[in-house]
Amino acid sequence: MTAPLLSVKDLSVTFRSDDGDLTAVRGMSFDVMPGEVLAVVGESGSGKSVTSLAIMGLLPRSARVSGSAMFDGRELIGADLKQLRKIRGKDIAMIFQDPMTALNPVFTIGSQIVEAITLHNDMSDKAAWERATELLNLVGIPDPKRRVKLYPHEYSGGMRQRAMIAMAMANEPKLLIADEPTTALDVTIQAQVLQVIRKAQAVTGAAMVLITHDLGVVAGLADRVNVMYAGAVFESGDIDDIFYRTANPYTLGLLGSIPILTARVSDKLTPIPGAPPNLRRLPEGCPFRPRCVFATEVCHGSEPDLMAVNGGRHRSRCYHIDKVAEARAGSTV
Amino acid sequence: MLAYTVRRLFSSVVLLFIGTAVVFGLTSISSNPELLLATCPPTRCGAEFRSEMIQMYQLDKTIPERYVSWLGDAVQGDLGTAVRDGRRPVTEVLGERLPKTLLLAIPAFVLTALIAVALGVYSAVRQYSVGDNALTAFSFIGISMPTFFFGLLLQVFWGVWWQEWTGTRPFYVTGYHNADFMDLVSSLTLPVATLMLVSVAGESRFGRASMLEVINSEYIRTARAKGLPERKVIFHHALRNALIPLVTIWALDFALLLSGSVITETVFAWPGIGSYFLRSITNYDLDPVMAIMVFTAAITIMFNLIADVMYGVLDPRVRYD
C-alpha cells in the first residue's frame, strides 16, 4: 500500500472567546491518498472548513491547534511560516467558497494568477502571462486572451470560480482543497463548475479534499467520504459504504433530507429534528444523541469511538451500527 | 471618465456661484459697515471718510445690486481692496500670503498622510496589542484637544521650558523666518507639528478602520493561501484596497490646510491666509474676508472633484460612464 499524501492525526482546534473556549474540531484523524478525492460532509459549524484552514495554517491567531498533519513527509501543524509558504499555493492549493469575495477587486484576474505562478516558479513575466491565459482556457473561459486582462467584477460568478480553479491548479499542486466550491453559485452553473474541478483534478493528478454539505456533489466526485458532526468524524468510508451501507444515524438523517426526483409529490423530505449542538457545551455522551431516533441508555454514557463496520475501512461512531443497518435495509431512500 | 470630469467641472462652477451668493449675503448682513460708521465718532470717521466708505462698499445700493457688481469685478480678477493693508488689491495681498500657507500645508499634509498610513497599518495588523492601544489613546487625545492647545503647549515647551533646561532654543516659537534654509525649517517645525498632531490622530483612525476591514476579507486569505509573504499580503494586496476610502479624507484635509489654518497660523503669527482671515474679520475688512471665503469654497469644491476622479483611477469597479 502506498503512503498517504496527507495524514491527519488527532487534530483539534479551539477558539478562545469571551464566552469561553469553543472547540470546533475534536481529535480529527484521516488520510488522503495520492490522487484520491476525499469528501468532507457535514452541516454548518461541524468543523469542515476549520480543519482545512488549520492544515494550511490560515486560522487567526486566536485559534489553538494541536495534533499532527503530515503532508508528504513534512509536519504542517506548528511549522514555521517560511516553510508553510513554500507549500501553500505550490503543493497544496485552495479553492474557496465565495468567488465574489475571494479575488482581490483591484487587480486583474491575470495578474493574480501570474502572481501565483511567478511566486513558486522561476519564470519570466511574459511566460507566466501566457501560462495564465492557457490556464483560463483550460478551465473553459471563452476568449481568455482578452479576459486575462479583466478585473474580477467584470467576470460572472461562475467565471470567477473558474478563475479561482485556474489559479489553484497553476502550480500543479499535489493536493487541492476545495471548500464548498459550488455553494455560492447558481444551481445552473454548479454542475459546470464541478466538471471543471474534476477536469482540473484529472489534469494535475492532484488529490483533493472536497468540503461540502451537498451529497449530490459528493456522489459525483468523491472516492471516499468523511461525515462530520460536532467537530468529529461520525462516519468514514468508500462512497458506496456511505450511500448504500450507511452505518451511522446522522448520515442516514443527511440522506433522508435529500430530495429525490422520482419521489411522489405526497412524499415529504425527512429533516433531522433539532439543531446542531452548541460547541461550547456539548451534551453528555454522544453529541448526536439529542437528535437521534436510535438513541438508548448507552448513548448517555460516553461518546462512542469510531468503530470498524464489517472489519473494513468503513467506520462509524455509533453504538447501534446494527440497528442503523437494519433500518437502512428497510427504507427506500 | 473625461466626459464625467467635464460634466463635474460645469456643475462645480455652478456650485461655486451659488456659494459666492450665499457667502456674500451672509457677509453683508452680519457686518453692516453702515451701522459701524454710525457708531464711529466723527473725530475718527470724518465726512470725507464716510463718503469714501459709502462709495467703496456701495452702501447706497441694495445687497443684490452689490453682489452683481462684486461678481462682475470678481470674474475679471478684482476681489476688492484690502483697506487695512495699505489699500492694496486683495489679490495682491493673497498672492503674498498664499505661498506661506503652502509652505505649511504641503509638508504638513504629506507627512501626516505618510505617518497616518504607517500607524493605521501597524494598528490594524497588531490589533489590540499594547502599541495599538497606546495609539488609540493618543488618537483620542489628539482628536479631542483643540489645535490652539497643542500650539501653545509646543511654544511653552520649546520656547520656555527647553530653554530653561538647556539654554538653547532649537526652533522659532513664532513668525516666519527665511534667512537661510535651516532658518526656514526651524520656523516651520512647530506650526507644522501642530497641524500634524491633530490630523495624524484623525487620519490614522480612518487608516486603521479601513485596513482592518480589508485584512479580514476573503481575498486576503486567498493571497496568503497562494504562499505570498506577509509583507506582500499587507503592503500589496491589503494596502491598495485600504487606501481607496482614505482619498476622500485626504482631499478634504488638504483643502482645509490650503485655505489656511486660522488657529495655527494665528498662534504662531504665521503670515499666511488663515491668520489674515482672522485679522480681517476683527478689523471689519470685508473684501479680504469675502475673498478668502470664496477661495476656500473653490478649493473645497475642486478637491472634492479631484477625490471623485481619483476614486475612478484607484478602484477599477468605479467607472463614470
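Source: prediction; values computed, not measured.

**Considerations on the overall build of chain B**
Logical step 1: Within chain B, the secondary structure is distributed over 14 helices and 2 strands.
Logical step 2: In terms of overall dimensions, chain B has a C-alpha envelope of 85 × 65 × 35 Å along the principal axes.
Logical step 3: Counting the 321 residues in chain B, one finds 32% classified as buried.
Logical step 4: Sequence separation of 24 or more characterises 71% of the internal contacts of chain B that already satisfy a separation of 6 or more.

**A word on the confidence of the model for chain B**
Residue and element names in this part refer to chain B.
Logical step 1: Looking at chain B as a whole, its pLDDT mean stands at 91, while 98% of the residues score no less than 70.
Logical step 2: Mean pLDDT in chain B bottoms out at helix α2 (residues 33-39), which sits at 72, and peaks at helix α5 (residues 90-125), which reaches 96.
Logical step 3: Our summary of model confidence lists the complex with pTM equal to 0.85 and ipTM equal to 0.89.

**Some details on the interface of chain B and chain A**
Logical step 1: Opposite the 18 residues of chain B that make contact, chain A presents 22 residues.
Logical step 2: Secondary-structure elements contributing two or more residues to the side of chain B that touches chain A are α9 (218-225) and α10 (230-242) of chain B.
Logical step 3: Broken down by element, the side of chain B that touches chain A gets its largest block of residues, 7 residues, from α9(B).
Logical step 4: By residue class, the composition of the side of chain B that touches chain A is 6 nonpolar, 5 polar and 7 charged.

**Thoughts on unusual backbone geometry**
Logical step 1: Backbone geometry at A:Asp72 places phi at a positive 55°, although glycine is not the residue there.
Logical step 2: Summarising the element assignment, A:Asp72 is placed in the loop between β4 (63-71) and β5 (74-75).
Logical step 3: A residue is classified by how many C-beta atoms lie within 10 Å of it, and A:Asp72, with 16 of them, is partly exposed.
Logical step 4: The residue B:Tyr128 is not glycine, and still its phi comes out positive at about 65°.
Logical step 5: Relative to the helices and strands, B:Tyr128 resides in the loop between α5 and α6 (130-144).
Logical step 6: Judged by the 9 C-beta atoms lying within 10 Å of it, B:Tyr128 is exposed.

**Brief notes about the domain arrangement of chain A**
Residues and elements named next belong to chain A.
Logical step 1: Assigned domains within chain A: domain 1 (6-222) and domain 2 (228-330).
Logical step 2: At the interface, 21 residues of domain 1 touch 15 residues of domain 2.
Logical step 3: Among the elements of the structure, β2 (22-32), β3 (37-41) and α8 (215-221) are those that each provide at least two residues to the side of domain 1 that touches domain 2.
Logical step 4: Residue contributions to the side of domain 1 that touches domain 2 peak at 8 residues, all from β2.
Logical step 5: Split by residue class, the side of domain 1 that touches domain 2 holds 10 nonpolar, 7 polar and 4 charged.

**Regarding the sheet that holds β5(A)**
Logical step 1: Strand order in the open sheet made by the 4 strands is β2-β1-β4-β5 (chain A), with antiparallel pairing throughout. Whereas interior strands pair on both sides, the edge strands pair on one side only; in this sheet they are β2 and β5 of chain A.

**Things to note about the domain arrangement of chain B**
All names here are of chain B.
Logical step 1: Taken domain by domain, chain B consists of domain 1 (2-90) and domain 2 (98-314).
Logical step 2: Taking the mean C-alpha position of each, domain 1 and domain 2 sit 32 Å from one another.
Logical step 3: Every contact between the two is made by 21 residues of domain 1 and, on the other side, 17 residues of domain 2.
Logical step 4: Here the side of domain 1 that touches domain 2 gets 10 residues from one element, more than from any other, and that element is helix α1 (residues 2-30).
Logical step 5: Considering only residue class, the side of domain 1 that touches domain 2 consists of 11 nonpolar, 8 polar and 2 charged.

Here is what the cut-offs are and how they apply
Residues numbered from 1 in each chain as written. Chains lettered and ligands numbered in written order. Predicted model: local features only at pLDDT ≥ 70, side-chain atom pairs only at ≥ 80, totals over all residues. Helix = DSSP H or I, 4+ residues; strand = E, 2+ residues; numbered from the N terminus. Buried ≥ 20, exposed ≤ 12 C-beta atoms within 10 Å, placed from the backbone. Contact = placed C-beta atoms within 7 Å. pLDDT = per-residue confidence, 0-100. Nonpolar A, V, L, I, M, F, W, Y, C, P; charged D, E, K, R; others polar. Domains from an automatic or database assignment. Pairing = 2+ DSSP bridges.

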